[in-house]
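Understanding the architecture of this molecule
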Amino acid sequence: MASIYRIEQHRKVPGRGGTLALLVLLGCCYGFSLFGQYQPPGQTITRWATPSEVALETDTTSLLWLDQRGGSAIGDKLKKQPQKLTVFGYYRLFLYGRNMTEAYPNLAPYERTYGVGDGYREPMMSLNLTARPNGRTAFGTELFFFTPYLGTNTRATDNTFTLNLGLNFYGNFRTNIGKFGVRAGGIHWYNLSPFTVGVYQLLDRFSIFDRTPWEGVTNLGKYDNYFQSGSPNPGDLRWNNQAFQGLILDGRSLPGGLGFDMFWGKTQPNAGLANAIVDPSLTIQNPGQAGNVPTYQGFSGDKRALPSYIAGGKISKTFGSERNTLSVNTIYSHTALDSISNDNMNYQVHTLTVNWKLGKVYVEGELGGGSFESPITERKWGEALMMRVLIPKEVSVLPLDIQLYQIGKDFYNLNGAINTTSNPDIQQNFATNVNAGQVSTGGLLTQVGQLAHNRRGINLNTEATYKDFKFNFGWGLAGELEVQNSDISFVHRINGLALSRIYNPFPENATSATVFGPYNRQFSFFRGVSERVRTTDLDPATAAPLTKKYYNSVDFQAKYKTKLDEKAFYVFYLGNLMAAKSEATLWPTLSPESYLFVQYHELDIYYELFPKFLLTSYLGLERTQGGRFTEWGENDLPRDQTGLAIGGGFDWTLNDATGLYFRYRHMDFEDKNFELDKYKGHEITIELKTFF
């Protein structure tokens, strides 16, 4: 199973850097874009390896299991070859409870809920089976078990026993002209390049108070890793890759330093659900009863076999001892809309990527173009260009990470790392203009280093260390290339996870986002919630937007690690300021030119009370203020929101393979000028996780 292996290439990157300042080329009809993934100096650069590939390269690789037990004992076991059958996995009991003392309308009678699981499709038990008859071939699968523990009256449909990632086959073959691989079957975790098949790579600027389902049992390892490198769980990187189902062929170490990838199959955006119901309110069986809770029946649409797929690949060339590379990448996505009329929706992306080391400076980049077409949208091409330079402190006083980019409004790709959801001509193809799981609609207030189409911008990151402190700073500024959208979106970071557990972003077979709240402007996505803001400085005759928008953001993080009474003690602070304005400014503020100003402040404190028992605490504050050219509430004033979260809990490592984790969260939210937009409540989670 590719999802449980990784090859660690210890390629040293000069200088930690943050996200580099980007200079944008003006007047380019075809955008250029150099791509880079945030990479601290000396940190491993990771890609997925198949079991048989590992067998061929055990002299240069180390194995870490997907959910990390804090060591590589399982990896050592898997290195043995040949292997008839290896079985391993984990059990995760996740208990969830909430009590919304003041809830959004229509939640009744579900303000208070207690149960097993939080609504996401996450395994209660994962059983991995892999076999390697020789050093060239391997196959594996992951079995998925879940039961809600409802008692003797449990329906058969409430219990789940299935293949989580499908049945996967792998083959790797070493020949005199190179190494060749094949992957087929179930879900594979795959990246091609940021603009083609990739995922936005988060910086280390996020709170780690809430555990993720894929975390391991690592005692203090999680907090030490986060302090040192910003990665709390480096053993699991499948979540930084796209889920892909189909056939992948690759070749490496070919004559002339050449290599290739070819693939054909499906990703999540290729699901075609014809005639699906997309409005949850239409699925309420008994309106006015039981809180008007939707059933989501009919979201699956007609049961037709629609020929939807994505295909593509790359050809790469490696140069010299520094392993500098050039790659040509391409993808074509085809989604059938109706099996009778042959209507379809297509988009394609073609790019060139560069990874080059110039002395001590490291340069990454990607440039190319993409297009979208459908029965109601004519094909137009948009440019995509990004360049990133990482400069170590040996060259500059501080390590620098500078990024420049320009991405046209007609560049579109749901499989890449770029946010491409703000073009109304394209979004009109989707019901409610927001897909299931889509993070935003309109112009998104992006984090430092996060890219969006119809923008030209620059990002800059740096860091410093002083005694027991680590500091990092990020700054970004981007402007729209064309006036095209009257909507702005921002993410509710402080209580977004808790809200997404109440309003599930992925009800079964959904094709449209879950929209909720008294004003129908919140959207639920995977482990988060965003909100749409409508601007009002519009053309009175056409209701079209009149003004270009500029987006800027500032991040500041401070991390502190010491010992109190010989016990580990950690303090992590993260502050973020974001703004959307009608003119470019260096610093995000609330001013007469502002459409929206958002600030987040998060404080995590962790203390090792006694060996293998860690106390956890969290304080989060979110402030959102709308400008004069946004919607006004009942008080004839724009948004004035305050979100608060106070949390506590503990991590208890029972043994090397088992841990017990408790989290409590109090949440409080209010918009002073939109009287119905408020909630208050409590959430408790208890997680027992053990590996075998």
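Quick caveat, the model's predicted, so the values are computed rather than measured. (Residues numbered from 1 in each chain as written. Predicted model: local features only at pLDDT ≥ 70, side-chain atom pairs only at ≥ 80, totals over all residues. Heavy atoms only, no water.)

Another point: the overall build of the protein. A count of helical and extended segments in the protein gives five helices and 30 strands. Within the protein, buried positions represent 56% of all 692 residues. Contacts spanning at least 24 positions in sequence make up 68% of the contacts within the protein whose residues lie at least 6 apart. (Helix = DSSP H or I, 4+ residues; strand = E, 2+ residues; numbered from the N terminus. Buried < 20%, exposed > 50% of the residue type's maximum accessible area, 1.4 Å probe, protein only. Contact = heavy atoms within 4.5 Å.)

Moving on, we get to the environment of serine 229. Along the chain, the position of serine 229 falls in helix α3 (residues 221–229). Taking relative accessible area as the criterion, serine 229 reaches 22% and is therefore assigned partly exposed. The spacing of serine 229 and aspartate 204 is 25 residues in sequence and 7.7 Å in space, taken between C-alpha atoms.

The complete set of buried residues in α3 reads Lys222, Tyr223, Tyr226 and Phe227. Buried residues of α3 fall within an arc of 130° about the axis and therefore sit on the same side. Positioned one or two residues after α3, glycine 230 has a phi angle of 85°, which is positive. (Arc of directions from axis to C-beta.)

Let us now look at the nonpolar core. Ranked by internal contacts, the top residues of the largest apolar core, which has 25 residues, are Leu445, Ile488, Phe490, Tyr570, Phe572, Leu596 and Tyr606. Setting aside its immediate chain neighbours within four residues, tyrosine 606 contacts Ile208, Phe209, Tyr223, Ala568, Phe569, Tyr570, Phe572, Leu614, Leu615 and Thr616. Counting 18 residues, the second largest nonpolar core, distinct from the first, contains Phe263, Ile310, Ile331 and Leu451. (Core = buried A, V, L, I, M, F, W, Y, C linked by side-chain atoms within 4.5 Å.)

In sheet architecture, strand pairing relies on hydrogen bonds along the backbone and comes in two forms, parallel and antiparallel. Here five strands make up an open sheet; going across it, the order is β17-β20-β23-β22-β21 and the pairing mixed. At either end of the open sheet lies a strand with only one pairing partner, and these are β17 (443–444) and β21 (514–516). Judged from the three bridges that link them, β21 and strand β22 (residues 522–525) form a sheet pairing that is antiparallel. Residue phenylalanine 516 lies in a different strand from β22, and its bridge partner there is glutamine 522. (Pairing = 2+ DSSP bridges.)

Across a regular strand the side chains alternate sides, sitting on one face of the sheet and then on the other. For strand β28 (residues 640–655) and strand β29 (residues 658–671), the ladder comprises 14 bridges, and the chain directions are antiparallel. Looking across to β29, one finds that glycine 647 is bridged to arginine 665. The loop that links β28 with its antiparallel partner β29 comprises two residues. When β29 meets strand β30 (residues 678–691), the two strands line up antiparallel, connected through 13 bridges.

Of note, leucine 644 is situated in strand β28. Note on leucine 644: relative accessible area 28%, which makes it partly exposed. In this structure the C-alpha to C-alpha distance between leucine 644 and glutamate 622, which are 22 residues apart in sequence, comes to 6.4 Å.

Put simply, the protein has an average pLDDT of 80, and 75% of its residues get 70 or more. Of all helices and strands in the protein, the one with the weakest mean pLDDT is strand β1 (residues 7–9) (29), whereas strand β27 (residues 613–626) scores best (98). This model gives residues 1–75 a pLDDT under 50, and the stretch forms 294 contacts once residues within four places in sequence are excluded. Scored below 50 in pLDDT, residues 272–278 makes 32 contacts in the model with residues more than four places away or belonging to other chains. (pLDDT = per-residue confidence, 0-100.)

If you trace the backbone, isoleucine 248 turns up in strand β9 (residues 242–254). Each C-alpha atom of the pair isoleucine 248 and methionine 262 lies 5.7 Å from the other, and the pair is 14 residues apart in sequence. In this structure, isoleucine 248 is in contact with Gly181, Val182, Arg183, His188, Tyr190, Met262 and Phe263, ignoring residues within four places of it in sequence.

The next point concerns unusual backbone geometry. Geometrically, the link from alanine 108 to proline 109 is a cis peptide bond, its omega value of 5° lying close to zero. Among the structural elements, proline 109 can be located in the loop between β3 (83–102) and β4 (112–116). One non-glycine residue with positive phi stands out, namely aspartate 565, at about 55°.

This part is about the packing of aromatic side chains. The relation between two aromatic rings is expressed through the spacing of the ring centres and the mutual angle of the planes. Considering all chains together, one arrives at 33 aromatic pairs under this definition. Between the aromatic rings of phenylalanine 372 and tyrosine 412, the centroid separation amounts to 5.0 Å while the plane-to-plane angle is 75°, which identifies the pairing as edge-to-face. Taken together, the positions of phenylalanine 372 in strand β14 (residues 361–374) and tyrosine 412 in the loop between β16 (400–407) and α4 (424–427) put the pair 40 residues apart, joining distant regions of the chain. Each member of the pair phenylalanine 372 and tyrosine 412 is classed as buried. Considering the side-chain rings of tyrosine 519 and phenylalanine 674, the 5.3 Å spacing of their centres and the 85° angle between planes classify their relative orientation as edge-to-face. Residue tyrosine 519 is found in the loop between β21 and β22, and its partner phenylalanine 674 is found in the loop between β29 and β30; the two are separated by 155 residues along the sequence. Chaining the aromatic ring pairs together yields one cluster made of Phe206, Tyr223, Tyr226, Tyr570, Phe572 and Tyr606. Positioned above the aromatic ring of phenylalanine 674, the side-chain terminus of arginine 639 is 5.8 Å from the ring centre. (Phe/Tyr/Trp six-rings, centres within 6.5 Å; stacked < 30°, edge-to-face > 60°. Lys NZ or Arg CZ within 6 Å of the ring centre and 35° of its normal.)

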